[in-house]
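# Per-entry structural report
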Amino acid sequence: MRPMTNIYQPDLMEVLDVQQQTADVKSVRVRFRDEARGDDFHFRVGQFGMFSLFGYGESTFNICSSSNWKDFVEFCFRRTGRVTEALWSLEKNDTIGFRGPYGNSYPMDKWVGKNLIFLGGGIAMPPLRCAIWYALENRDQFGDITIVYGARRVQDLVFRQELDRWAEYDRVRVVCCVDPGGETPDWTGEVGFVPAVTERAQIPAENAVALVIGPPVMIKFTLPVLAKMGLADRDIYTSLENRMKCGVGKCGRCNCGPVYVCKEGPVFTLEQLKSLPNDY
């Protein structure tokens, strides 16, 4: 990351594209208005940024595009409050602010040669998406890839078209599910909650690592399933991205005991989380 005189000063980003994913979720593609800054910009999958709309504030979002993609970055958000309500009105050629990248990342280099298990629920697909695309673009470096993704209803699934594309790759299994009652007459996927569907899927856990992101209740009930499958705590990863505030370890809003999530996270293994105070 380039040195800045003011660590809170955002870069100006031009909106290239806005896609509505669901009734309350949009994805946005942006690029640096300063071409030289864009040429110098690099990030690792799993890192996050602070995206701002002037006059409304800023919010934390994972950079959901692959680090292999150049000339732009993407983020995805749900319409839930003041900032996201304002971001909802973004159009092509608009300008927003960006600070980042911040935090650590998914240790893709440590996962080389491993089988990858990606488990997500709802709006958690974007933080998984960057790692999934990275793994697919470096397909020969990883073993089998299994993706289990669930949402409350069929119409709440994010990046649906990409799910079908991923399933076409060699040794990639995609399992989609919706909560009971959330299916449509033409739904051909699974019906059930992510933990139960994961258990039914009988995913081999040998030589595997798992990345689990989603609502806290989903993660809570998925972790015992992974333990039952035989995954060690050190091989189960998640992200505490929703604890971010300033992004640079100054405000203290994200600390868990001695750990500043924005600087030492947001990616942690279950083994690391168990050593933290139970307030994450």
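Residues numbered from 1 in each chain as written. Predicted model: local features only at pLDDT ≥ 70, side-chain atom pairs only at ≥ 80, totals over all residues. Heavy atoms only, no water.

## A short note on the overall build of the chain
Helices and strands together make up the secondary structure of the chain, namely 8 helices and 15 strands. The dimensions of the chain, computed from C-alpha atoms along their principal axes, are 50 × 45 × 35 Å. In the chain, buried positions account for 54% of the 280 residues. Within the chain, contacts between residues separated by at least 24 positions form 69% of all contacts whose residues are at least 6 apart in sequence. (Helix = DSSP H or I, 4+ residues; strand = E, 2+ residues; numbered from the N terminus. Buried < 20%, exposed > 50% of the residue type's maximum accessible area, 1.4 Å probe, protein only. Contact = heavy atoms within 4.5 Å.)

## Quick notes on the sheet that holds strand 9 (residues 172-178)
Taken in spatial order, the 7 strands make up an open sheet running 10-9-8-7-11-12-15, and their pairing is mixed. Where the open sheet ends on each side, the last strands, each with one partner, are strand 10 (190-191) and strand 15 (267-269). When strand 11 (residues 208-213) meets strand 12 (residues 236-239), the two strands line up parallel, connected through 2 bridges. Following the sheet pairing, Leu211 is matched in strand 12 by Tyr237. Helix 6 (residues 216-229) contacts strand 7 (115-121), strand 11 and strand 12 of the sheet and is inclined by roughly 170° relative to strand 11. (Pairing = 2+ DSSP bridges. Axes fitted to C-alpha atoms, helices over the stretch in contact; angles between N-to-C directions.)

## Some words on the domain arrangement of the chain
Once the domains are mapped, the chain shows domain 1 (11-102) and domain 2 (115-239). Using C-alpha coordinates to define each centre, domain 1 is positioned 24 Å away from domain 2. Taken over both partners, the interface formed by domain 1 and domain 2 buries close to 1,300 Å², and the fraction arising from carbon and sulfur atoms is 59%. Considering only the surface of domain 1 that becomes buried against domain 2, Gln21, Cys64 and Trp69 emerge as the three largest contributors, covering 30% of it. Linking domain 1 to domain 2 there are 1 salt bridge. Measuring nitrogen to oxygen at the nearest pair gives 2.7 Å for the salt bridge that ties Glu74 to Arg129. (Domains from an automatic or database assignment. Buried area = accessible area lost by both parts, 1.4 Å probe. Salt bridge = Lys/Arg side-chain N within 4 Å of Asp/Glu carboxyl O.)

## What about the pattern of salt bridges?
Considering all chains together, one arrives at 13 salt bridges under this definition. Taking the shortest distance from any N to any O, the salt bridge between Asp11 and Arg37 comes out at 3.0 Å. Within this pair, whereas Asp11 is found in strand 1 (residues 11-22), its partner Arg37 is found in helix 1 (residues 35-40), the two being separated by 26 residues in sequence. Neither Asp11 nor Arg37 differs from the other in exposure class; each is buried. The salt bridge partner of Arg29 is Glu74, with a shortest N-O separation of 2.7 Å.

## As for the packing of aromatic side chains
This structure, assessed with the given rule, holds 18 aromatic pairs. Measuring from centroid to centroid gives 6.1 Å for Phe61 and Phe77, while their planes differ by 45°, and the two rings are tilted. Of the two residues, Phe61 is situated in strand 4 (residues 57-62) and Phe77 in strand 5 (residues 73-78); the sequence distance between them amounts to 16 residues. With a relative accessible area of 8%, Phe61 lands in the buried category. (Phe/Tyr/Trp six-rings, centres within 6.5 Å; stacked < 30°, edge-to-face > 60°.)

## Some words on a negative patch on the surface
A cluster of like negative charges, contributed by Asp34, Glu35, Asp39, Asp40 and Asp71, occupies part of the molecular surface. Along the polypeptide, Asp39 turns up in helix 1. A residue is classified by how much of its surface remains accessible, and Asp39, at 52% relative accessible area, is exposed. (Patch = residues over 30% accessible without salt bridge, like charges linked within 9 Å, V, L, I, M, F, W, Y side chains within 5 Å. Areas by Shrake-Rupley, 256 points an atom, 1.4 Å probe, with all protein chains shown as cover. Lys, Arg positive; Asp, Glu negative; His and termini not counted. Charge placed at Lys NZ, Arg CZ, Asp CG, Glu CD.)

## What to know about the environment of Gly49
Along the chain, the position of Gly49 falls in strand 3 (residues 48-53). Classification of Gly49 by relative accessible area gives buried; the value is 0%. As for Gly49 and Thr60, which are separated by 11 residues in sequence, their C-alpha atoms are 5.9 Å apart. The contact partners of Gly49, leaving out residues within four places of it in the chain, are Ser59, Thr60, Phe61, Ile63, Phe98 and Arg99.

## Regarding the sheet that holds strand 5
A sheet is described by the order of its strands in space; here 6 strands give the open sequence 4-3-6-1-2-5, paired in antiparallel fashion. At either end of the open sheet lies a strand with only one pairing partner, and these are strand 4 and strand 5. For this sheet, the mean inter-axis angle between neighbouring strands, taken without regard to orientation, is 40°. Across 4 bridges, the pairing between strand 1 and strand 6 (residues 95-102) is antiparallel. Looking at strand 6, one finds that Met13 is bridged to Ile96.

## Overview of the side chain of Ser52
With respect to the secondary-structure elements, Ser52 resides in strand 3. Beyond its immediate sequence surroundings of up to four residues, Ser52 is in contact with Pro10, Gly57, Glu58, Ile96, Gly97 and Phe98.

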